[in-house]
Amino acid sequence: MHSFGYRANALLTFALTILALICAMASFSDNLNSPSPSAHVQVLNINWFQKSSQGNDEVSMTLNISANLQSLFTWNTKQVFVFLAAEYETPKNSLNQVSLWDGIIPAKEYAKFGIHTTNKYHFDDQGSNLRGKEYNLTLHWHVMPKTGKMFADKLVMTGFRFPEEYR
């Protein structure tokens with residue numbers, strides 16, 4: 001006959017093995033989901049576009065952000081972190097990214113939204129490279145699952161341009 005400790009160890013090992021197998025299956029099942037999120041961003045107004053006392057360009061803009069990220073949610077999704085970034089090129093850097101707005105979506109019910117806002121974070125360029133420059137607005141998201149690996153993706157919206165002159 002086996003001792004109580006031996007039986008408890010066998011039961012605990014079996015339970016943890018089954019739990020690990022269920023977590024692996026849950027993580028794998030997320031790969032079967034093919035999300036199709038949509039988003040639209042409008043720049044309603046450039047509130048100010050000026051050169052700071054340090055010689056850097058500063059921008060403040062009013063944005064209208066609407067998105068439907070409901071397809072990112074599965075039974076294994078804990079939350080989604082989403083942020084809007086302005087992306088542009090300068091002679092010094094091939095990719096500059098400036099975060100304009102972010103948020104955490106805790107549940108599928110909140111994943112379809114429309115926001116009218118100014119940029120939440122300062123939009124400063126290191127230098128005076130923004131006049132007349134084209135830029136993209138990119139909506140990035142990071143899906144945080146209950147179990148398994150986190151994944152990220154983005155939607156790029158093109159066709160935006162800074163004014164030619166400071167205001």
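Please read all numbers here as calculations on a predicted model, not as lab measurements.

**Quick word on the packing of aromatic side chains**
Here is step 1 of the chain: The tally for this structure, following the rule as stated, stands at nine aromatic pairs.
Here is step 2 of the chain: Between Trp101 and Phe113 the ring centres are 5.9 Å apart and the planes differ by 35°, which places this aromatic pair in the tilted class. Placement of the pair is Trp101 in strand β4 (residues 96-105) and Phe113 in strand β5 (residues 112-118), with a sequence separation of twelve residues.
Here is step 3 of the chain: Considering the side-chain rings of Phe123 and Phe162, the 5.6 Å spacing of their centres and the 70° angle between planes classify their relative orientation as edge-to-face. Taken together, the residues Phe123 in strand β6 (residues 123-125) and Phe162 in the segment after β8 (151-161) connect sequence positions 39 residues apart.
Here is step 4 of the chain: Look at Phe123 and you get buried, because its relative accessible area is 0%.
Here is step 5 of the chain: Under the relative-accessibility criterion, Phe162 is labelled buried at 1%.
Here is step 6 of the chain: Here the aromatic cluster, defined as three or more aromatic residues joined through ring pairs, consists of Phe49, Tyr88, Phe123, Tyr135, Phe160, Phe162 and Tyr166.

**What to know about the domain arrangement of the protein**
Here is step 1 of the chain: Taken domain by domain, the protein holds domain 1 (1-32) and domain 2 (34-161).
Here is step 2 of the chain: Here the C-alpha centroids of domain 1 and domain 2 sit 42 Å apart.
Here is step 3 of the chain: Counting from both sides, the interface comprises six residues of domain 1 and, opposite them, eight residues of domain 2.
Here is step 4 of the chain: Summing both partners gives a buried area of about 470 Å² for domain 1 against domain 2, and 46% of it is carried by carbon and sulfur.
Here is step 5 of the chain: Looking only at domain 1, the three residues that lose the most surface to domain 2 are Ala26, Ser27 and Asp30, adding up to 67% of its buried area.
Here is step 6 of the chain: At the boundary of domain 1 with domain 2, the tally comes to zero salt bridges.
Here is step 7 of the chain: There are zero residue pairs in polar contact (both at pLDDT 80 or more) connecting domain 1 and domain 2.
Here is step 8 of the chain: Tallied by class, residues from the side of domain 1 that touches domain 2 come to three nonpolar, two polar and one charged.

About the cut-offs
Residues numbered from 1 in each chain as written. Predicted model: local features only at pLDDT ≥ 70, side-chain atom pairs only at ≥ 80, totals over all residues. Heavy atoms only, no water. Phe/Tyr/Trp six-rings, centres within 6.5 Å; stacked < 30°, edge-to-face > 60°. Helix = DSSP H or I, 4+ residues; strand = E, 2+ residues; numbered from the N terminus. Buried < 20%, exposed > 50% of the residue type's maximum accessible area, 1.4 Å probe, protein only. Domains from an automatic or database assignment. Contact = heavy atoms within 4.5 Å. Buried area = accessible area lost by both parts, 1.4 Å probe. Salt bridge = Lys/Arg side-chain N within 4 Å of Asp/Glu carboxyl O. Polar contact = N/O pair within 3.5 Å; in protein donor to acceptor, adjacent residues only side chain to side chain. Nonpolar A, V, L, I, M, F, W, Y, C, P; charged D, E, K, R; others polar.

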